[in-house]
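Residues per chain are reported as follows:
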Amino acid sequence: MRRILIATSNPGKLRDFAGAAAAHGTEIAGIPGFASLPPVAEDGLTFEENARKKAEAYSRYVAGEIVVADDSGLEVDALKGAPGVHSARYAAPDLHDKEPHEADQNTADEANNARVLRELTDVPVEKRTGRFVCVLAAARDGKTLATFRGVAEGIILDAPRGANGFGYDPLFYFPLIDKTFAELTAEEKARYSHRGAAFRQFLEWCDRRGH
Ligand code: ITT
């Protein structure tokens, strides 16, 4: 069975990857000792830049292995694409009196969701469009080999719904199957999500390259 190393500190992402890999006879694993490795500064202006930075940095710890890193987030049209690359730290002004790019740690999902909801107060449903974006970078020995982008289009609700998933999932309504991402099973999230889409492209690339 093919085994892929994923460099992430986010257990929600790891669960999503496990779900996406299960359908493809692939096993995913974390980087050994990941928690004690120095964090990578996510100061890029795009998902792609940050994904490459993470994959390149962490691949140096596992010589010869392909390492995949994910940079992802929610883009809300009415907020001009925010929270975007700052999705994981969007509540930093509320909690730490710092802008997200100055924050040195992620902020809690509930606080991030609360900021998005507050900023969308009185925005009507037809203007609450947005998308989840996931960029995966695959790197080996400090060099990016390829990147893959997956997108899921939806609507930002005015209250959370559902208990599965993580991050902004309870606010993200996916019209195609009339559920929020927090109401999806692991299989559904793998099938419909930005992360599932990017991961499938990565697996096709592996197949073509014989990895
Ligand atoms: P790593 O960098 O260690 O992988 P992270 O959580 O810091 O973990 P990012 O910098 O890529 O990762 O931030 C992604 C944020 O975007 C994440 O914390 C969520 O707030 C949001 N997000 C991304 N994908 C999501 C999903 O599938 N469902 C809900 N929220 C998501």
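Think of each chain on its own: its residues are numbered from 1, step by step along the sequence as written. Thresholds applied to this predicted model are a pLDDT of at least 70 for local features of residues and 80 or more for the giving and counting of side-chain atom pairs; totals over whole chains, interfaces and linings are not thresholded and use all residues. Computation of side-chain values: all heavy atoms of the structure, hydrogens and water removed.

Going by the annotation in an unreviewed UniProt entry, the name recorded for the protein is dITP/XTP pyrophosphatase, with Candidatus Sulfotelmatobacter kueseliae given as the source organism. Checking UniProt for the protein, the heading Sequence similarities (unreviewed entry) contains the comment "Belongs to the HAM1 NTPase family." In its Subunit (unreviewed entry) section, UniProt records this for the protein: "Homodimer." UniProt positions are given in the numbering used here, feature names are shortened, and annotations may be inferred rather than shown by experiment.

(A) Local environment of the side chain of Thr 8. Mapped onto the elements of the fold, Thr 8 is located in the loop between strand 1 (2-7) and helix 1 (11-22). Any pair of N or O atoms that falls within 3.5 Å is considered a polar contact. Within protein, one atom must be able to donate a hydrogen and the other to accept it, and sequence-neighbouring residues count only if both atoms are side-chain atoms. Among the polar contacts made by the side chain of Thr 8, one reaches the main-chain amide nitrogen of Asn 10 at a distance of 3.0 Å. For Thr 8, the contacting residues outside a window of four places in its chain are Lys 13, Leu 14 and Phe 34. Secondary structure counts use DSSP, requiring at least four H or I residues in a row for a helix and at least two E residues in a row for a strand, with both numbered from the N terminus. Here, residues are in contact when the closest pair of their heavy atoms is within 4.5 Å.

(B) Structural detail: the packing of helix 1 against helix 6 (residues 194-209). Closest axis-to-axis distance for the helix 1/helix 6 pair is 10 Å, and the angle between their directions is 55 degrees. With respect to each other, helix 1 and helix 6 are oriented oblique. The crossing of helix 1 and helix 6 is right-handed. Between helix 1 and helix 6, the residues in contact are Lys 13, Asp 16, Phe 17, Ala 20 and Ala 21 and Arg 195, Gly 196 and Phe 199, respectively. Think of each axis as a best-fit line through the C-alpha atoms, taken over the contacting stretch in the case of a helix, with angles from 0 to 180 degrees between the N-to-C directions. An angle below 35 degrees is read as roughly parallel, one above 145 as roughly antiparallel, one from 65 to 115 as roughly perpendicular, and any other as oblique. Left-handed describes a crossing whose near helix is turned anticlockwise from the far helix by less than a right angle; the clockwise case is right-handed.

(C) Seen up close, the sheet that holds strand 4 (residues 129-140). Any two strands with at least two DSSP bridges between them are considered paired. The sheet built from seven strands is open, its strands ordered 2-1-3-4-5-6-7 with mixed pairing. Edge positions in the open sheet fall to strand 2 (26-30) and strand 7 (179-180), since each of these has one partner strand only. In the packing of helix 1 onto the sheet, the strands contacted are strand 1, strand 2, strand 3 (67-76) and strand 4, and the crossing angle to strand 2 comes to about 160 degrees. The strands that helix 2 (residues 47-59) touches are strand 1, strand 3, strand 4 and strand 5 (143-156); relative to strand 3, the one it contacts most, it runs at about 155 degrees.

(D) Representation of the UniProt feature "binding site: Mg(2+)" (unreviewed entry) in the protein. UniProt records the feature "binding site: Mg(2+)" (unreviewed entry) for Asp 71 in the present numbering. Looking at where Asp 71 falls in the secondary structure, it is placed in strand 3. Assessed through its relative accessible area of 3%, Asp 71 is described here as buried. Apart from the residues within four sequence positions on either side, Asp 71 is in contact with Lys 13, Glu 42, Thr 46, Phe 47, Asn 50, Ala 51, Lys 54, Val 85, Val 133, Cys 134 and Val 135. Here the side chain of Asp 71 touches Lys 54 through a polar contact of 2.9 Å, side chain to side chain. Only protein chains enter the calculation, and the probe is 1.4 Å; a residue is then buried if its accessible area is under 20% of its type maximum, exposed if over 50%, and partly exposed in between.

(E) Molecular detail of the environment of Ala 163. Mapping Ala 163 onto the fold places it in the loop between strand 5 and strand 6 (172-174). Taking the C-alpha atoms as reference points, Ala 163 and Ala 182, separated by 19 residues in sequence, lie 5.5 Å from one another.

(F) Fine view of the pairing of strand 5. Here strand 4 pairs with strand 5 via 12 bridges, running antiparallel. Bridge pairing in strand 5 places Ala 137 opposite Thr 147. Hairpin geometry of strand 4 and strand 5 is characterised by an intervening segment of two residues between the two adjacent antiparallel strands and by a positive phi of about 50 degrees at Asp 141. In this structure, strand 5 lies alongside strand 6, joined through two bridges in antiparallel fashion. Counted as the bridge partner of Ile 156 is Phe 172 from strand 6.

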